[in-house]
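Given next are the chains, with one letter for each unit.
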Amino acid sequence: MAANSSDKFKFEIVEVIAVLSESPKGWTKEFNLVSWNGNEPKYDIREWAPDKSKCGKGVTLTTEEIEYLKKALESREI
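Numbers given for residues are sequential positions, taken from 1 along each chain in its written order. Thresholds applied to this predicted model are a pLDDT of at least 70 for local features of residues and 80 or more for the giving and counting of side-chain atom pairs; totals over whole chains, interfaces and linings are not thresholded and use all residues. As a rule here, side-chain values cover all heavy atoms of the structure and leave hydrogens and water aside.

### Thoughts on the packing of aromatic side chains
Within 6.5 Å between ring centres, the rings of Phe, Tyr and Trp (the latter by its six-membered ring) count as paired, and their orientation is classed by plane angle as stacked under 30 degrees, edge-to-face over 60, tilted in between. Taken as a whole and judged by the stated rule, the model has 6 aromatic pairs. Ring centres of phenylalanine 9 and phenylalanine 11 lie 6.1 Å apart, and the angle between their planes is 40°; on these two criteria the pair is classed as tilted. An angle of 65° between the planes, with centres 5.6 Å apart, marks the rings of phenylalanine 9 and tryptophan 36 as edge-to-face. Taken together, the residues phenylalanine 9 in the loop between β1 (2–5) and β2 (10–22) and tryptophan 36 in strand β3 (residues 28–36) connect sequence positions 27 residues apart. The structure contains a cluster of three or more aromatic residues connected by ring pairs, namely Phe9, Phe11, Trp36 and Trp48. Counting from the N terminus, the helices are DSSP H or I runs at least four residues long and the strands are E runs at least two residues long.

So this is what it looks like as structure tokens:
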């Protein structure tokens, strides 16, 4: 688990679900369960610095949204 804060927000990576890719500079695109500002953890996809001190813009999804996404992906041939 990684936790950090800045002047704007606090976050805690509660669970790393999957590392999807890694850039040559070491940033990783990850699918995680993240608590933002002490709130209930949500599913999250975004890029993270190697030391998890910085993150890029990403997408945060509720459990309901992740369930819809899962159903949508299961119905597709990939």
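Picking up after the structure, the text goes on.
### Concerning a nonpolar patch on the surface
On the surface, Leu69, Leu73 and Ile78 cluster together into a nonpolar patch covering about 330 Å² of accessible area. Structurally, leucine 69 is set in helix α1 (residues 63–74). Relative accessibility decides the category of a residue: with a 1.4 Å probe and only protein chains considered, values under 20% of the type maximum give buried, values over 50% give exposed, and everything between is partly exposed. Since its relative accessible area comes to 36%, leucine 69 is described here as partly exposed. Without a salt bridge and with relative accessible area above 30%, a residue can belong to a patch; like charges are then joined within 9 Å and nonpolar side chains (Val, Leu, Ile, Met, Phe, Trp, Tyr) within 5 Å. Values of accessible area rely on a 1.4 Å probe in the Shrake-Rupley scheme; residue burial ignores everything except the protein chains shown. Salt bridges are defined as contacts in which a side-chain nitrogen from Lys or Arg sits within 4 Å of a carboxyl oxygen from Asp or Glu.

### Some thoughts on the pattern of salt bridges
In this structure the tally under the stated criterion is 2 salt bridges. Measuring nitrogen to oxygen at the nearest pair gives 2.7 Å for the salt bridge that ties glutamate 30 to lysine 52. Of this pair, glutamate 30 sits in strand β3 while lysine 52 sits in the loop between β4 (42–48) and β5 (59–61), placing them 22 residues apart in sequence. Pair check on accessibility: glutamate 30 and lysine 52 agree, each one buried. When the shortest N-O distance is used, the salt bridge between aspartate 44 and arginine 46 registers 2.7 Å. Pair check on accessibility: aspartate 44 and arginine 46 agree, each one buried.

Taken by themselves, the reported measurements are silent on function.
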